[in-house]
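# Examination of the molecular architecture
Below, each chain spelled out in residue letters.
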Amino acid sequence: MRIDLHTHSTVSDGTESPAQVMRAAAAAKLDVVALTDHDSIDGWDEAASEAAGLGIEFVPGIEVSCRHRGVSIHLLSYWHRPEDEVVNAMLSKTRASRVHRARDIVAKIAIDYPLTWEQVQGQAHSAATVGRPHIADALVAAGVVATRDAAFTEILAGNSRYYVPHYAPEVNDAVRALRAAGGVPVFAHPGADGRGRVVPTSVIESMAEAGMVGLEVDHRDHDAKQVERLARIAKRLGLVRTGASDYHGTGKLNQLGENLTSREGYAALESAR
Ligand code: AMP
Ligand code: ZN
Ligand code: FE
Ligand code: FE
C-alpha cells in the first residue's frame, strides 16, 4: 500500500489543481492520497470526485497554520466536518489575515524591486489561501529572481527585512477545535529547521495532551537524526508515525510518494476518527 497524506493544490500554494494532483497521485501509483491545502478545504469536492473516477482513496485533509509562543507550527488534520463553524471561523480569520499580510510584504518589497499587488493576484488567481509562494511566483514572472526557491532565499525568508507574519491560532486551540469537529490532527514536519525554530519536545507533549493523534516523522525536511528523535517521541507518547511528500507540484522538489505512511499507521489514524 502506498499512502501519501500531505499534498497541496492551487487552492493554496501548489501549482496543480486538486483534480491534477489526484491524477498525479494515480500516476505515482499511490493507493491513498490526502489533499492538505493550507487553511482551506475548497479542494475537497473536486479531488474527491476525480479520485473516485481514478479508483484511488481520497482523504480530505488540511494543513492549518498555527503558532505557539511566536513559533510557527503547521498542523495537518484529516476528515474534520466541513460544516464545523468553529473551525471555519478560525480558517477564515487566518485567510483574511494572510491577504493583509501579503499586501504588506509586497508594499515593502516594492520599495526595492519592481513588484505590484496586481502581479501577485495574477499568480494567486485560483487560490483561497494566499501565501509567500505566490509572491515568489510574481517575482519570478517579473524577472527579479529565477525560481521560487531563490525568491525565498533572497527576499521572502522568515528573517528577511520584508517579512511580515499573519494571524494564526494557538496550536493547542487548533488541536482541540479540529478534534471537536471530528478531525484527526497530526503535527506536520515537526523537526524541520530552515523554516524558523524547531519547537521543544514539551510542545509536542502538550499537543498530544490536547488530543493530537500523530507525528509526521518521515518528511524530506528531516535529517536522519530528527527522524530518529521524532520516532522515539512518537513511540513514547503513543502518537501515530506518519510520512508524506508535502507535494507542491512544480513549486517544490518534493515528489509524490517520496515518503509514505504505513498501512498500520493509516489504520490507526482511521480508528481515531
Ligand atoms: P507562508 O504560508 O505564506 O508563510 O509561506 C510558507 C510556504 O512557502 C510553505 O508552504 C512552504 O512550503 C513554502 N516554502 C517555504 N520555503 C520555500 C522554498 N525555499 N521554496 C519553495 N517554497 C517554499
Ligand atoms: Zn505550502
Ligand atoms: Fe508545512
Ligand atoms: Fe505542506
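Everything below is about the structure printed above this text.
In this report, the structure presented in the accompanying data block is examined. Numbering of residues begins from 1 in every chain and follows the order in which that chain's sequence is written. Labels follow written order: the first chain is A, the first ligand is 1, and so on. The predicted nature of this model means local features are confined to residues of pLDDT at least 70 and side-chain atom pairs, given and counted, to a pLDDT of 80 or more, with totals for whole chains, interfaces and linings taken over all residues. Based on all heavy atoms of the structure, the side-chain values leave hydrogens and waters out of the count.

Of the regular secondary structure elements, the protein chain holds 10 helices and seven strands. In this setup the radius of gyration rests on C-alpha atoms only. A globule is expected at 2.2 Å times the number of residues raised to 0.38. Taken against the 2.2 N^0.38 rule, which gives 19 Å for 273 residues, the C-alpha radius of gyration of the protein chain at 18 Å falls within 12% of a compact globule. Type-normalised accessible area, obtained with a 1.4 Å probe on protein chains alone, sets the label of each residue: buried when under 20%, exposed when over 50%, and partly exposed for intermediate values. Put simply, the protein chain has 273 residues, and 56% of those count as buried. Taking the intrachain contacts of the protein chain between residues at least 6 apart in sequence as the baseline, contacts between residues at least 24 apart amount to 74%. Residue exposure ignores everything except the shown protein chains as possible cover, and the areas themselves are Shrake-Rupley values with a 1.4 Å probe. Accessible area of the protein chain: about 11,700 Å², with a carbon and sulfur share of 50%. The sign given to each residue is positive for Lys and Arg and negative for Asp and Glu; His and the chain ends receive no count. Each charge is placed at NZ for Lys, CZ for Arg, CG for Asp and CD for Glu. Put simply, the protein chain has 29 plus and 35 minus side-chain charges, and the middle of one group is 5 Å from the middle of the other. A run of DSSP states H or I qualifies as a helix once it reaches four residues; a run of E qualifies as a strand once it reaches two. Both are numbered from the N-terminal end. The criterion used for residue contact is that any of the two residues' heavy atoms lie within 4.5 Å.

With that out of the way, let us pick up the side chain of His-134. Looking at the secondary structure, you find His-134 in helix α5 (residues 132-141). Overall, His-134 belongs to the buried group, its relative accessible area being 3%. Filtering out sequence-adjacent residues up to four positions away, His-134 remains in contact with Ser-12, Asp-13, Val-120, Gln-123, Ala-124, Ala-127 and Thr-129.

Before going further, it helps to spend a moment on the coordination of the iron ion (ligand 4). Distances up to 2.8 Å from the metal define which N, O and S atoms are donors, and 3.2 Å serves for Na, K and Ca; water is absent from the atom set, so sites may look incomplete. Summarising the metal site, the iron ion (ligand 4) is bound by the protein donors His-6 (NE2), His-8 (NE2), Glu-63 (OE) and Asp-246 (OD), whose distances to it range over 2.1 to 2.3 Å. Think of it this way: with four donors and all angles in the 85 to 135 degree range, the site is tetrahedral; with four or six donors, opposite ones beyond 155 degrees and the rest between 65 and 115, it is square planar or octahedral; otherwise it is irregular. Seen from the iron ion (ligand 4), its four donor atoms lie at angles of 76 to 161 degrees, and the figure they make is irregular. Sequence spacing of the donors to the iron ion (ligand 4): H-x1-H-x54-E-x182-D. Between the iron ion (ligand 4) and the zinc ion (ligand 2) there is a metal-metal distance of 4.5 Å.

Attention now goes to the environment of Gly-53. In this structure, Gly-53 sits in helix α2 (residues 44-54). Considering only alpha carbons, one finds Gly-53 and Val-120, 67 residues apart in sequence, at a separation of 34 Å.

Of all five residues in strand β6 (residues 214-218), five are buried; the element is thus mostly enclosed. For two strands to be treated as a pair, DSSP must find at least two bridges joining them. Two strands pair when backbone bridges link them, and strand β5 (residues 184-187) and β6 are joined in this way by two bridges, in the parallel orientation. Bridged to Phe-187 within β6 is Leu-215. When β6 meets strand β7 (residues 240-243), the two strands line up parallel, connected through four bridges. Across the sheet, Gly-214 pairs through a bridge with Val-240, a residue of β7.

Function-wise, these values are silent; they only describe arrangement.
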